[in-house]
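Below, each chain spelled out in residue letters.
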Amino acid sequence: MRHCIRLAVGPVTFRIGSDWARPIAELASLYANYPASADPANATVRLEAARPWRRFIRPAVTIGGDFTIPGALPLPMSMGLLAAEMAMNLQMALGWRRHLLLHASAVERGGRALIMSGVSGSGKSTLAALLGESNAWRLMGDEFTLLEPASGAAYAFPRPVSLKNEAIAEMAARVPANRFGPLLKATPKGDIRHLIPSAEALEVMHEPAMPALILFPRFGGDVAVTRLAPSELFVRLTEASTNYAMLGEAGFTALTRLVTTVPAFAMSYPDSATGMALVQQCWAEAMA
Amino acid sequence: MPAETQLRAVSGNDLLRVELDALTAIYDRRSCQTHLLGEPLPDILNALGDREWTLAAFADHLSLHFDLSAADDALAVLGERLGELAALGLVSVR
Amino acid sequence: MSAIWTLIDLLAGRRDPATLDAAAWEEVISVARAEALATTLAERLANAAVPEAVAALFADLSAAGPVQQTQALWEAEMARRTLTPVGVRFVLLKGTAYAAANLPNAAGRQIGDLDILIDADDLPRAEAALLAAGWEWVKSDPYDDAYYRNHMHELPPLIHRERDRMIDVHHTILPLTHRARPDAAAMLADAVQSLPGGNGSFLLLSPPDMVIHCAAHVMADGDLAGGLRNLWDFHLLADLREDEWQRAVERASRQKLAEPLCRCARLATYLFGEQTVRDNVSLTLTDRMFLRAITARDDWARPTRPILRLAFYIRSHWLRMPMPMLARHLWTKWRKA
């Protein structure tokens, strides 16, 4: 492939090839502050033209790589960055076996991790981004949290945070412009803008943290905080994991240990400020 | 399930069990599968132990330790629960 | 040296892993994944001098392998609990069989569906038992259904409702209208017991028959996708005693499968044999075309040589139509013109 870049995020080194220069240039810009890695890549992504002429005529980016799902629709060139991010997620979700993968954001404070699990729109990314911008918390990741089966420790996977719609303005008010990627308008998930993790977060991205609290945020409801029983937590986390079933006994031991030792709450909230306050409250209780 | 059906539970060595409040999480090493069992399935598995039973004999054994209602109902209900365990591969049935 | 040939040389033991740089490793890993040989490579190079990052990846793959195998053998066990009580005798095929017998090519082999071979007369009973025990049809299109039953050599695919795993029930080893004349009854009759493992023992094809089955599929199945992995299987399976190999050749000839068997032997030796042995293999022109189709992958693991691969795809359909049918078809077209 004509254009290529290597990116290291936590324990993963991506090799990304592209039929066009533009997505690679955008990735280079977005990941400019990330520490470089000389290791051979353990995940490969391809951004390709479905047919040779599609490199030039109505160029559309088809996602390829070591792991793909059939029938994925290509994205227009203007969303090439989104295609790259989706492709990277796919390599993790379908191929990563070293850690138990949770579809969750995570932040660290004093060596302990707060894990927030939820689907798109739950607010997990925005809450993590907001916490990460305060002095007390380090952003570990917004899409995937990696749990080491043997130790139960959470490892960071700090990709640029994918902010959607209103969250963009909210963060733009707090963070300098040079920490943002380009605005991607009217994608299938609305407007998207990437927030580059802080220099401090990137510097210590290889440092783990022990999980101390698990939250299931739900943006847009009245304030409510409900404690989750271990059995319900177990079910929710297996649903939030793409690779639990493939880890066998190590996965079972890790997950049962997690749900029997770490408190968990479902939390709904009407706005970010309330959400943040609830998070701090739950954290204080968990630390007590 | 007929009263003479032979039953045998998976050996205890093949399972990992963790009790989580109302449910018991069970990992079956032979299949690498995880099951979440609610009462009374974990108790039934425990009671089956490491030997072979007929359904009738097992029902009798259980009634010594658990309160089962009238004999006919108990056999049918027990048969259903054992069928569920068999579908998960945790009990083999002949 | 292209990545796919580097992969082949590494598997064959003809290339020292220490001579690969980071870029070469990336390419080999991508190609290995595309050819479903990544864990096989990891097992093959388990004690080799590789960069730390590669060793870590290989460790991940090797750890995940046994879980996959256990799950695959469990499917076989669940099939046994369903079919044996109704008197259906079944033989394990392909990946699950290799795992059950703990064969050299089982280490690190990815296993997808459970493939079993039964007697054609047992089909209705097997179908009924599987449906009653929680399996359901994957597709419910009557045309596909008829195609599977009448022209392919298996029941339409079934998937288990709760475990979400597929079973393919075959009653012969190649499609019914194929040129070859496979003798499934003989293969069933000669099936052997595997050594008892965690789940007891299963019926497998005898070693000569296993080799024939492997060859039949490399050569006759589809567009050679997975051809490299199938030839790796063949390379390890064909390590037979002299008398077993003779039996394989005899059996294959009787079933008109001698040509695929010999072609596989030449290709597997050329791909994976020691240098001195492969120097003595003379490949025919057709062999070389097969080789080109099987190694049609670039260093980003994309399929290349589309026209060649299309030709093989068409050929696989052509193979499914016996010559008299094909000839009659052409004769009719010519007459009309």
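What counts, and where the lines are drawn
- Residues numbered from 1 in each chain as written.
- Chains lettered and ligands numbered in written order.
- Predicted model: local features only at pLDDT ≥ 70, side-chain atom pairs only at ≥ 80, totals over all residues.
- Heavy atoms only, no water.
- Helix = DSSP H or I, 4+ residues; strand = E, 2+ residues; numbered from the N terminus.
- Rg over C-alpha atoms; globule rule 2.2 N^0.38 Å.
- Buried < 20%, exposed > 50% of the residue type's maximum accessible area, 1.4 Å probe, protein only.
- Contact = heavy atoms within 4.5 Å.
- Buried area = accessible area lost by both parts, 1.4 Å probe.
- Salt bridge = Lys/Arg side-chain N within 4 Å of Asp/Glu carboxyl O.
- Polar contact = N/O pair within 3.5 Å; in protein donor to acceptor, adjacent residues only side chain to side chain.
- Nonpolar A, V, L, I, M, F, W, Y, C, P; charged D, E, K, R; others polar.
- Pairing = 2+ DSSP bridges.
- Domains from an automatic or database assignment.
- Phe/Tyr/Trp six-rings, centres within 6.5 Å; stacked < 30°, edge-to-face > 60°.
- Lys NZ or Arg CZ within 6 Å of the ring centre and 35° of its normal.
- Axes fitted to C-alpha atoms, helices over the stretch in contact; angles between N-to-C directions.
- Parallel < 35°, antiparallel > 145°, perpendicular 65-115°, else oblique.

**A few points about the overall build of chain A**
Here is step 1: For chain A, the helix and strand inventory stands at 8 helices and 16 strands.
Here is step 2: On C-alpha atoms alone, chain A measures out to a radius of gyration of 19 Å, which is about the 19 Å that the 2.2 N^0.38 rule sets for 288 residues.
Here is step 3: Dimensions of chain A, computed from the C-alpha atoms along their principal axes, are close to 60 × 45 × 35 Å.
Here is step 4: The 288 residues of chain A split such that 58% are buried.
Here is step 5: Partitioning the contacts of chain A with sequence separation of at least 6, the portion at a separation of at least 24 is 68%.

**Some points on the interface of chain C and chain A**
Many authors give the size of an interface as the accessible area that is lost as the parts come together.
Here is step 1: Residue-level contacts link 19 residues of chain C with 25 residues of chain A.
Here is step 2: Between chain C and chain A, the buried area comes to about 1800 Å², and carbon and sulfur atoms account for 52% of it.
Here is step 3: Together, Glu 26, Arg 33 and Trp 300 of chain C form the three largest contributors to the area buried by chain C at its contact with chain A, with a combined 42%.
Here is step 4: Counting every contact that joins chain C to chain A gives 4 salt bridges.
Here is step 5: Across the pair Arg 33 of chain C and Asp 66 of chain A runs a salt bridge, and its minimum N-O distance is 2.6 Å.
Here is step 6: Here chain C is connected to chain A by 11 residue pairs in polar contact (both at pLDDT 80 or more).
Here is step 7: For the side of chain C that touches chain A, the elements supplying multiple residues, two or more each, are helix 2 (22–34) and helix 4 (52–83) of chain C.
Here is step 8: In terms of residue count, helix 4 of chain C provides more of the side of chain C that touches chain A than any other element does, 8 residues in total.
Here is step 9: Residues belonging to the side of chain C that touches chain A are distributed by class as follows: 11 nonpolar, 2 polar and 6 charged.

**Considerations on the sheet that holds strand 3 (residues 135–137) of chain C**
Residues and elements named next belong to chain C.
Here is step 1: Taken in spatial order, the 7 strands line up as 3-4-5-2-1-7-6 in an open sheet, and their pairing is mixed. Of all strands in the sheet, those bounded by a partner on one side alone are strand 3 and strand 6 (192–193).
Here is step 2: As judged from the 2 bridges shared by strand 6 and strand 7 (residues 203–204), these two strands associate in the antiparallel manner. In the strand pairing of strand 7, Gln 193 is matched with Leu 203.

**A few points about the domain arrangement of chain A**
Residue and element names in this part refer to chain A.
Here is step 1: Under the domain assignment used here, chain A contains domain 1 (3–95) and domain 2 (100–158 + 197–287).
Here is step 2: Distance from the C-alpha centre of domain 1 to the C-alpha centre of domain 2: 27 Å.
Here is step 3: When domain 1 packs against domain 2, the two sides together hide about 1000 Å² of surface, and 75% of this comes from carbon and sulfur.
Here is step 4: Across the domain 1-domain 2 interface, the total number found is 0 salt bridges.

**Looking at the environment of Ala 126 of chain C**
Residues and elements named next belong to chain C.
Here is step 1: Mapped onto the elements of the fold, Ala 126 is located in helix 6 (residues 123–132).
Here is step 2: Sequence separation between Ala 126 and Leu 83 is 43 residues; the distance between their C-alpha atoms is 6.4 Å.
Here is step 3: If we skip the residues at most four places from it in the chain, Ala 126 touches Leu 83, Val 88 and Ile 118.

**So, the packing of aromatic side chains**
Here is step 1: A full pass over the atoms with the stated rule returns 12 aromatic pairs over all chains.
Here is step 2: Aromatic pair Phe 14 of chain A and Phe 157 of chain A: ring centres 6.3 Å apart, planes at 50 degrees, arrangement tilted. Remark: Phe 157 of chain A occurs in the loop between strand 10 (154–155) and strand 11 (161–164) and Phe 14 of chain A occurs in strand 2 (residues 12–18); sequence separation between them is 143 residues.
Here is step 3: Judged by relative accessible area, Phe 14 of chain A falls into the buried class, the value being 0%.
Here is step 4: Considering the side-chain rings of Trp 5 of chain C and Tyr 270 of chain C, the 6.3 Å spacing of their centres and the 85 degrees angle between planes classify their relative orientation as edge-to-face. A residue pair is termed long-range when its members are at least 10 positions apart, and Trp 5 of chain C in helix 1 (residues 3–12) and Tyr 270 of chain C in helix 12 (residues 258–272) qualify at 265 residues.
Here is step 5: The exposure class assigned to Tyr 270 of chain C is partly exposed, which follows from its relative accessible area of 22%.
Here is step 6: When the ring centre of Phe 216 of chain A is taken as reference, the NZ or CZ atom of Arg 236 of chain A above it lies at 4.8 Å.
Here is step 7: Here the guanidinium or amino end of Arg 278 of chain C rests over the ring plane of Tyr 270 of chain C, the centre of that ring lying 4.5 Å away.

**Some points on the interface of chain B and chain C**
Here is step 1: Across the boundary between the two partners, chain B contributes 12 residues, which contact 8 residues of chain C.
Here is step 2: Carbon and sulfur atoms make up 56% of the surface buried where chain B meets chain C, a total of about 740 Å² over both sides.
Here is step 3: Summed over the shared surface of chain B and chain C, the result is 0 salt bridges.
Here is step 4: Taken together, the connections running from chain B to chain C amount to 1 residue pair in polar contact (both at pLDDT 80 or more).
Here is step 5: Contributing elements (two or more residues each) for the side of chain B that touches chain C: helix 3 (71–87) and strand 6 (91–93) of chain B.
Here is step 6: Classifying every residue of the side of chain B that touches chain C by side-chain character gives 5 nonpolar, 4 polar and 3 charged.

**Details of the packing of helix 1 (residues 21–30) of chain A against helix 2 (residues 80–95) of chain A**
Residue and element names in this part refer to chain A.
Here is step 1: Put simply, helix 1 and helix 2 touch, their axes get as near as 9 Å, and they point 70 degrees apart. Compared by their axis directions, helix 1 and helix 2 come out roughly perpendicular. Of the residues in helix 2, those touching helix 1 at Pro 23, Glu 26, Leu 27 and Leu 30 are Gly 80, Leu 81, Ala 84 and Glu 85.
Here is step 2: Tallied by class, the residues present in the contact of helix 1 with helix 2 amount to 5 nonpolar, 1 polar and 2 charged.

**Things to note about the packing of helix 1 (residues 41–48) of chain B against helix 2 (residues 55–65) of chain B**
Residue and element names in this part refer to chain B.
Here is step 1: For the pair helix 1 and helix 2, the least separation of the axes is 11 Å and the interaxial angle reads 110 degrees. Compared by their axis directions, helix 1 and helix 2 come out roughly perpendicular. Each of Ile 44, Ala 47 and Leu 48 in helix 1 lies in contact with helix 2, whose residues at this interface are Phe 58, His 61 and Leu 62.
Here is step 2: Its residues assigned to classes, the contact of helix 1 with helix 2 shows 5 nonpolar, 1 polar and no charged.

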